[in-house]
Structures are given as C-alpha cells and as structure tokens.
Amino acid sequence: MLPELRQRFNRDYRPEKYQSLLAEASRLARAPLQFRVAETPCFFPASVMQQIADTGALLTHQLLDNPAYLAASADAVPERFRVPHCSSHPHFMTADFGLVREADGTLAPRLVELQAFPSIFGFQWLINQCYLRSYGLSGLSTYLGGHDDESYWALLRRVIVGKHAPENVVLLETDPAAQKTLPDFHIHEDRLGIRAVDIAKLTREGRRLFYEDGDRRVPIERIYNRAIVDELEQKRIALPFDYRDDIEVEWAGHPNWYFRISKFSIPWLQHPSVPAAVFLNQWDAGRGRDLLPQDREQWVFKPLYGFAGKGVQFAPSDAEIAAIPPDERHNYLLQQRVRFEPVIDTPHGMTQAEVRIMYVWPDGESLQPVISLIRLGRGKMMGVDHNRNQEWVGASAAFCPQEP
C-alpha cells in the first residue's frame with residue numbers, strides 16, 4: 001500500500017528507532033508493553049480507510065435497523081448477565097476486516113468480526129504518537145472522521161466521563177494491573193482523570209457502588225465497562241453485585257451490547273464484505289448447508305463469545321463439530337474462512353494486515369469512526385498471541401497522507 005512511503009520507510013528503518021519507540025511508549029504508559037508492537041506502521045490511501053470505515057458503519061446500522069435482529073440479540077444475552085436499562089445503541093463499536101484479493105485482482109475488505117465493546121482507544125492513540133516521533137514521520141494522519149488530537153479526546157471524555165466528576169467515573173476491569181492492556185488503562189487515567197478499578201474490589205451499599213481510594217469510599221456514578229464476562233466465568237470471580245440488579249449507575253458501554261453485536265451478528269448480515277456463516281444448531285437442522293464451500297479448508301469453527309481467538313478451529317473435523325454438547329451448539333458458528341492477502345512489504349516478506357476501525361457513538365448523535373488499529377501477522381490468525389517469535393508483526397497503526 002502506497003509503495004513510495006513503504007519503500008522509504010523500509011530503506012530508512014533503523015533498529016535503534018524501534019527501540020526508542022518501545023521505550024517511549026512504555027514510559028508514557030507507565031507500564032511495560034506485554035504484547036508485541038510491530039517495527040512498522042502501515043501506509044494506506046485515505047480512500048481505502050474510508051471505504052472500510054463506511055462498510056463497518058453500514059453493517060452496524062443494518063443490524064440496528066432490523067427489529068427481528070434486535071429482538072433475537074436481546075434474547076441472546078445470557079440471563080445471568082442481563083443488565084437492566086439497555087441503551088438504544090452501543091457507545092462503542094469495533095469492526096475488524098481482512099483485505100482479500102477478488103477474482104478481478106482488486107483488493108477488498110472482508111469482515112472478520114463486529115464487536116460492540118471498547119477497544120484500546122488510549123494505547124492506540126499513544127502508539128500512533130510514538131511512531132510519528134520515533135521515526136520522524138510527517139504529513140500523515142491516523143484519525144478518521146476529520147478528528148485531531150483535541151477533538152478525539154474531547155469526544156472520548158464526553159462519552160466516557162459525561163457530566164460527572166472524573167473521580168466518580170471508573171474504568172471497570174478484572175484485576176486491571178494483571179491485564180496486558182494495562183498501558184491502555186493508564187493512558188485513560190492520565191488523559192481523562194478517571195480510575196481503573198478491579199471489579200471484584202467494589203463495595204455495595206443499597207443500590208450504590210463504591211471503590212476504595214486509600215481510606216475513602218468513593219461513589220461510582222458512571223462505569224466505562226471493560227470487564228469481559230468470559231474472563232469472570234473462567235476465573236470464577238465472585239462479584240459484590242449481580243449484573244441483573246438495578247444498580248444506580250450509568251454505563252459507558254452497556255454490558256448487554258457485548259453479546260448483542262458480536263460473532264452472533266454475522267449470520268444476520270447481508271453484504272459482499274460478509275463471509276457466509278451459520279449457527280451450529282441451525283446447521284444441525286439442515287439450514288445453511290448450501291452456504292459454505294465443500295472444502296473444509298475453507299471453513300472456520302468458532303465460539304460466539306470467546307476472546308483473543310480462543311477456541312477457533314480451522315478446517316474443523318466432524319469429530320470437533322460433534323464434540324460440542326447439544327445445549328451449547330447455538331453458541332458456535334461455522335463460517336467461511338477469510339484468507340488475508342499479504343499487502344505489507346517488509347524485510348521478512350509480504351505480511352498480512354487486519355484492520356480494526358474503532359467507533360464512538362455518543363447519545364443523541366451518530367456513530368463516528370475515530371481511529372483504527374492494525375494487526376500484522378504471517379500466521380493463520382492475526383492476534384499478537386498467534387505471531388510469537390517473529391519480527392515486523394504485531395500491533396501496528398494505519399497512517400494516511402494528510403490532505404493539503
């Protein structure tokens with residue numbers, strides 16, 4: 001993509017600049033980086049990023065404009081995690097796309113996943129700044145939707161903090177200090193003045209939640225929700241409240257949307273960018289069998305609510321499909337595999353790029369693409385955990401030439 005910029009970067013690359021980037025990012029994030037950051041950013045035409053961002057927005061609205069989908073997605077929220085007073089739309093969206101080569105030779109985006117859940121808005125902002133400074137890049141922008149540094153953080157403040165005092169707003173996570181995303185939490189703390197808090201250490205009094213700040217009990221009025229219920233379940237974490245309780249708190253990112261827009265959404269979508277997909281229980285009933293190719297190498301089998309790529313099976317066997325218990329088969333998806341086209345030229349060969357568009361949706365306003373992140377990889381999967389012991393892969397950024 002943008003061969004002149006790509007070739008210039010590869011030619012001018014120096015390992016010491018990369019080490020400077022990592023050191024600066026770790027210092028500003030007040031934490032070591034526990035996942036791999038790629039040596040290189042990516043350079044895309046603005047038209048390509050706009051096309052991908054528009055596609056993600058169109059797919060989101062296709063779901064929210066469908067009454068049947070809204071009803072089905074509400075029912076898909078597990079009863080034990082069904083939080084009252086669900087918002088009319090998610091406050092945060094991400095749309096992940098791979099770039100594939102079409103039959104006519106052109107590149108096109110293909111959906112990997114939609115998720116109505118916040119991404120690393122803080123860390124991605126930071127790593128973009130570090131790429132620019134460490135490599136002396138100029139005339140480039142990482143923002144979407146016409147945003148800049150000031151408007152980006154003003155928008156995040158409006159949606160995350162709202163009208164509340166920052167000390168009464170928490171970034172809620174499971175043991176934040178132990179998460180790989182701790183650098184992201186610190187950036188949110190530093191830029192917004194909020195506190196990252198362990199969900200298991202809250203206290204409750206009546207309908208109110210509190211967190212401890214030294215010897216102070218601070219009331220919580222708004223929650224920036226980053227806790228993933230899969231992790232709560234896996235670690236059997238005891239909570240001081242029940243998700244079903246009518247707690248007196250606002251949610252920035254209502255928890256129900258984590259389930260309502262997810263892999264669960266893919267079979268409901270109709271668009272050239274969306275791979276064919278069918279729920280496993282519907283497959284059992286004979287529905288959707290004509291959707292997928294005959295070659296099992298073209299299939300992916302995945303749980304609807306796993307995270308970080310856990311549970312994904314390529315070319316699933318009959319035995320792997322049959323091993324899912326009957327009462328869990330509605331929580332699994334058979335999907336046509338998205339084969340990424342390697343488009344990033346690196347010293348280690350052509351490399352695949354997964355593009356994540358990150359959206360913010362303030363109350364009373366429209367869905368807005370604001371920034372993107374890139375995952376670079378040369379394996380079957382694009383997550384940083386699946387590209388270990390390689391160079392010029394990992395978390396990256398998308399830069400577009402600024403208009404004069």
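Quick note: structure is the one above.
Here the structure is a predicted model, which means the values were calculated and not measured.

Chemist: Honestly, the overall build of the protein chain in this entry has me stumped. Any pointers?
Modeler: Helix and strand counts for the protein chain stand at 11 helices and 20 strands. Taken over the C-alpha trace, the protein chain has a radius of gyration of 21 Å; the compact-globule value for 404 residues is 22 Å, and the two agree within 12%. Residues counted as buried form 54% of the 404 residues belonging to the protein chain. Counting only contacts in the protein chain whose residues sit at least 6 apart along the sequence, the fraction spanning at least 24 positions is 74%.

Chemist: Would you mind going over unusual backbone geometry with me for this structure?
Modeler: What you tend to see is this: most non-glycine residues have negative phi, and most peptide bonds are trans. In the Ramachandran plot, Ala-315 falls in the positive-phi region, its phi being about 45 degrees despite a non-glycine side chain. Relative to the elements of secondary structure, Ala-315 occurs in the loop between strand 14 (313-314) and helix 11 (318-322). For Ala-315, a relative accessible area of 24% corresponds to the partly exposed category. Backbone geometry places Trp-392, a non-glycine residue, at a positive phi of 60 degrees. When you line up the elements, Trp-392 lands in the loop between strand 18 (368-377) and strand 19 (394-396).

Chemist: I keep staring at the sheet that holds strand 1 (residues 42-43) and nothing clicks. Help me out?
Modeler: Each strand in a sheet pairs with its neighbour through backbone hydrogen bonds, running either in the same direction (parallel) or in the opposite one (antiparallel). Pairing in this open sheet of three strands is mixed, and the strands run 1-20-4 from one edge to the other. This sheet does not close on itself; its edge strands, each paired only once, are strand 1 and strand 4 (140-141). For strand 4 and strand 20 (residues 398-401), the ladder comprises two bridges, and the chain directions are antiparallel. Within strand 20, the position partnered with Ser-141 by the bridge is Cys-400.

Chemist: Quick question: what am I supposed to make of the packing of aromatic side chains here?
Modeler: Given two aromatic rings, one states the distance between the centres and the angle between the planes to describe the pair. In this structure the tally under the stated criterion is 24 aromatic pairs. Each ring, one from Phe-9 and one from Phe-43, has its centre 6.0 Å from the other, and the planes form 55 degrees; the classification is tilted. A residue pair is termed long-range when its members are at least 10 positions apart, and Phe-9 in helix 1 (residues 3-12) and Phe-43 in strand 1 qualify at 34 residues. Residues Phe-9 and Phe-43 agree in their burial class; the two are buried. Pairing Tyr-131 with Phe-399 gives two aromatic rings, centres 6.4 Å apart and planes at 90 degrees, and the pair type is edge-to-face. Of this pair, Tyr-131 sits in helix 5 (residues 121-135) while Phe-399 sits in strand 20, placing them 268 residues apart in sequence.

Chemist: Would you explain helix 7 (residues 182-192) in this entry?
Modeler: Within helix 7, nine of the 11 residues are buried, leaving the element largely enclosed by the surrounding structure. Along helix 7, the residues that are buried comprise Leu-182, Pro-183, Asp-184, Phe-185, His-186, Ile-187, His-188, Glu-189 and Leu-192. Those residues of helix 7 that are buried lie in contact with helix 2 (15-29), helix 5, helix 6 (149-160), strand 5 (169-173), strand 6 (195-198) and strand 10 (222-225). Following helix 7 by one or two positions, Gly-193 has its phi on the positive side, about 80 degrees.

Chemist: How should the sheet that holds strand 13 (residues 299-303) be read in this particular structure?
Modeler: Taken in spatial order, the four strands make up an open sheet running 12-15-13-14, and their pairing is antiparallel. Two strands lie at the open edges of the sheet, namely strand 12 (277-279) and strand 14, each paired on one side alone.

Chemist: When you look at the nonpolar core in this model, what are you seeing that I'm missing?
Modeler: Nonpolar side chains in soluble globular proteins generally cluster together in the buried interior. Counting 119 residues, the largest nonpolar core has Phe-44 and Phe-121 as the members making the most contacts within it. With nine residues, the single largest contributor to this core is helix 5. Aside from chain neighbours lying at most four places away, what touches Phe-44 is Met-1, Leu-2, Met-49, Leu-99, Ile-344, Val-355, Ile-374, Ala-398, Phe-399, Cys-400 and Pro-401.

Chemist: How do you make sense of the environment of Cys-400 when you look at a structure like this?
Modeler: With respect to the element layout, Cys-400 can be found in strand 20. Cys-400 sits 334 residues away from Asn-66 along the chain, and the two C-alpha atoms are 34 Å apart. Contacts of Cys-400, omitting those with residues within four sequence positions, involve Phe-44, Pro-45, Ala-46, Met-49, Gly-139, Leu-140 and Ser-141.

Calculation rules
Residues numbered from 1 in each chain as written. Predicted model: local features only at pLDDT ≥ 70, side-chain atom pairs only at ≥ 80, totals over all residues. Heavy atoms only, no water. Helix = DSSP H or I, 4+ residues; strand = E, 2+ residues; numbered from the N terminus. Rg over C-alpha atoms; globule rule 2.2 N^0.38 Å. Buried < 20%, exposed > 50% of the residue type's maximum accessible area, 1.4 Å probe, protein only. Contact = heavy atoms within 4.5 Å. Pairing = 2+ DSSP bridges. Phe/Tyr/Trp six-rings, centres within 6.5 Å; stacked < 30°, edge-to-face > 60°. Core = buried A, V, L, I, M, F, W, Y, C linked by side-chain atoms within 4.5 Å.

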